[in-house]
Amino acid sequence: MSKHSPAVAARAVELSKSYGTGDTQVHALSAVSVDFSRGEFTAIMGPSGSGKSTLMHCLAGLDSAGSGSVLIGGTELTALTDKEMTQLRRDRIGFVFQAFNLVPTLTALENITLPLDIAGRKPDAAWLDSVLGRLGLKDRLDHRPGELSGGQQQRVACARALAGQPEIIFGDEPTGNLDSKSSGEVLSILRAAVDEFDQTVVIVTHDPRAAAYADRVVFLGDGKIVDELLEPTADSVLDTMKRLDESGLESGLDKRAPGSVGAHALSSDSAV
Ligand SMILES: Nc1ncnc2c1ncn2[C@@H]1O[C@H](COP(=O)(O)OP(=O)(O)O)[C@@H](O)[C@H]1O
Ligand SMILES: [Mg+2]
């Protein structure tokens, strides 16, 4: 939990999002309300198709809310013009995608500083140096993405998200393609961003060991929040995943006996 101010860094209020229409309509998110406190590291978990990416994209202003609202700090995203949204994303949000989304013609360093260059800002030299050092990128800065391993490319993407010291960093399976060593380096630096710089981190992960780096795990099932875990360990995350899976919440199927969950559900709405 946050050792600092309990201010809310990001918030979804009754956030719903559907794709398609009629028989093929999918409710990716159904009235999700969740807060992410400043200086807190949250992991979002849940089975494939449970709405994790949709939630991250809506929170980061990369996708629009269907209904409900999203706030970054005190800023309500739906109230922003496209231009204001672009500025907010650029100045206040860092995003690490599973597919690294690097520009192939630019070097690692050019990729890392690209968002800042576009914004006409200079990175804090000491911070950038520390990020590059911790992520083991200093001898790779002149390489283009095609000359780097998957792990190195993801560390470049991570450095890019961290370089401008945004208020909040979102990662959609940022360690999904990494070996355990690279994964540990990425998670450690995200942890440091929270502990040392009071930034806020929200990542999607499938890996209980990655989730154990977080202060809190939010479990999604079928577009709803179905559970939450504070001060997670790999074991407690695994136990919760098993329990949700057995109860049918994780698979989105109602195999659960009536009333068998609920103690951990955040609201009556979260029972599937
Ligand atoms: N662009 C899209 N068009 C249609 N359906 C989508 C789109 N994006 C996501 N979905 C659907 O919304 C649901 C949630 O998807 P997603 O948020 O990607 O889940 P997760 O990241 O947990 O795997 C899934 O059923 C998925 O198929
Ligand atoms: Mg996803």
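This is a predicted model, so every value here is computed, not measured.

Draft legend 1. Region of interest: the overall build of the chain. The secondary structure content of the chain amounts to eight helices and ten strands. Sequence separation of at least 24 residues holds for 69% of the intrachain contacts in the chain that already meet a minimum separation of 6.

Draft legend 2. Examining the site of ligand 1 more closely. Looking at ligand 1, the residues that line it are Tyr19, Gly20, Val26, Ala28, Gly46, Ser48, Gly49, Ser50, Gly51, Lys52, Ser53 and Thr54. It is helix H1 (residues 52-59) that provides the largest number of residues to the shell around ligand 1, a total of three residues.

Draft legend 3. Inspection of the packing of helix H4 (residues 125-134) against helix H5 (residues 150-163) at higher detail. It is at 10 Å that the axes of H4 and H5 come closest, and there the two elements cross at 160°. With respect to each other, H4 and H5 are oriented roughly antiparallel. For H4 against H5, the interelement crossing comes out right-handed. Contact residues: Leu128, Val131 and Leu132 in H4; Ala159, Leu162 and Ala163 in H5.

Draft legend 4. Region of the structure containing helix H3 (residues 108-119). For H3, the full list of buried residues reads Ala108, Asn111, Ile112, Thr113 and Pro115. Looking at the buried positions of H3, the neighbouring elements they touch are helix H2 (82-92) and H5. Gly120 sits one or two residues past H3 and shows a positive phi near 70°.

Draft legend 5. Region of the structure containing the confidence of the model for the chain. Of all residues in the chain, 89% have pLDDT values of 70 or greater, and the mean over the chain is 88. Of the regions scoring below 50 in pLDDT, residues 1-5 engages in 13 contacts with residues more than four places distant in sequence or in other chains. Below pLDDT 50 for its whole length, residues 249-272 participates in 43 contacts with residues either more than four positions away or in separate chains.

Draft legend 6. Inspection of the sheet that holds strand S5 (residues 75-76) at higher detail. The four strands are arranged S2-S1-S4-S5 in an open sheet whose pairing can be described as antiparallel. Sheet topology places strand S2 (26-37) and S5 at the edges, where each strand pairs with a single neighbour. Contacts from H1 reach strand S1 (8-19), S2 and strand S4 (67-72) within the one sheet, and its direction differs from that of S1 by about 125°.

Draft legend 7. Up close: the pairing of strand S10 (residues 224-230). Buried residues dominate S10, accounting for five of its seven residues. In sequence, strand S9 (residues 216-221) turns back onto S10 through a hairpin of two residues, with Asp222 there showing a positive phi of about 55°.

Draft legend 8. Just the environment of Asp222, in detail. As for its position among the elements, Asp222 is in the loop between S9 and S10. Among the residues examined, Asp222 registers 23 C-beta atoms within 10 Å and is labelled buried. In this structure the C-alpha to C-alpha distance between Asp222 and His27, which are 195 residues apart in sequence, comes to 8.1 Å.

Draft legend 9. Structural context of the nonpolar core. Of all hydrophobic cores here, the largest spans 67 residues; its most connected members are Leu59 and Ala159. Tallying contributions element by element places H5 first for this core, with seven residues. If near-sequence neighbours (up to four positions away) are discounted, Ala159 is found in contact with Ile112, Val131, Leu132, Leu135 and Leu137.

Draft legend 10. Just H5, in detail. With 14 residues, H5 ought to run about 20 Å at 1.5 Å a step, and its terminal C-alpha atoms sit 20 Å apart, in line with that. Among the 14 residues in H5, twelve count as buried, and that is most of the element. Residues of H5 that are buried sit in contact with strand S6 (93-96), H3, H4, strand S7 (168-172) and helix H6 (180-197). Taken from the residues just after H5, Gln165 is the one with a positive phi, measuring 50°.

Draft legend 11. Seen up close, unusual backbone geometry. Non-glycine residue Glu173 carries a positive phi angle of around 50°. The topology assignment puts Glu173 in the loop between S7 and H6.

Draft legend 12. Representation of the sheet that holds S10 within the structure. Pairing within the open sheet is mixed, and its six strands lie in the order S6-S7-S8-S3-S9-S10. Here the strands that pair on one side only, and so sit at the sheet edges, are S6 and S10. Going from strand to strand, the sheet's axes swing by 15° on average, the running direction of each strand aside. Relative to strand S8 (residues 200-204), S7 is paired through five bridges, and the arrangement is parallel. Paired with Ile168 across the two strands is Thr200, which belongs to S8. Along the sheet, helix H8 (residues 234-247) makes contact with strand S3 (41-45), S9 and S10, crossing S10 at roughly 150°.

What counts, and where the lines are drawn
- Residues numbered from 1 in each chain as written.
- Chains lettered and ligands numbered in written order.
- Predicted model: local features only at pLDDT ≥ 70, side-chain atom pairs only at ≥ 80, totals over all residues.
- Helix = DSSP H or I, 4+ residues; strand = E, 2+ residues; numbered from the N terminus.
- Contact = placed C-beta atoms within 7 Å.
- Near = placed C-beta within 6 Å.
- Axes fitted to C-alpha atoms, helices over the stretch in contact; angles between N-to-C directions.
- Parallel < 35°, antiparallel > 145°, perpendicular 65-115°, else oblique.
- Left-handed = near helix turned anticlockwise from the far one by under 90°.
- Buried ≥ 20, exposed ≤ 12 C-beta atoms within 10 Å, placed from the backbone.
- pLDDT = per-residue confidence, 0-100.
- Pairing = 2+ DSSP bridges.
- Core = buried A, V, L, I, M, F, W, Y, C linked by C-beta atoms within 7 Å.
- Expected span 1.5 Å × (residues − 1).

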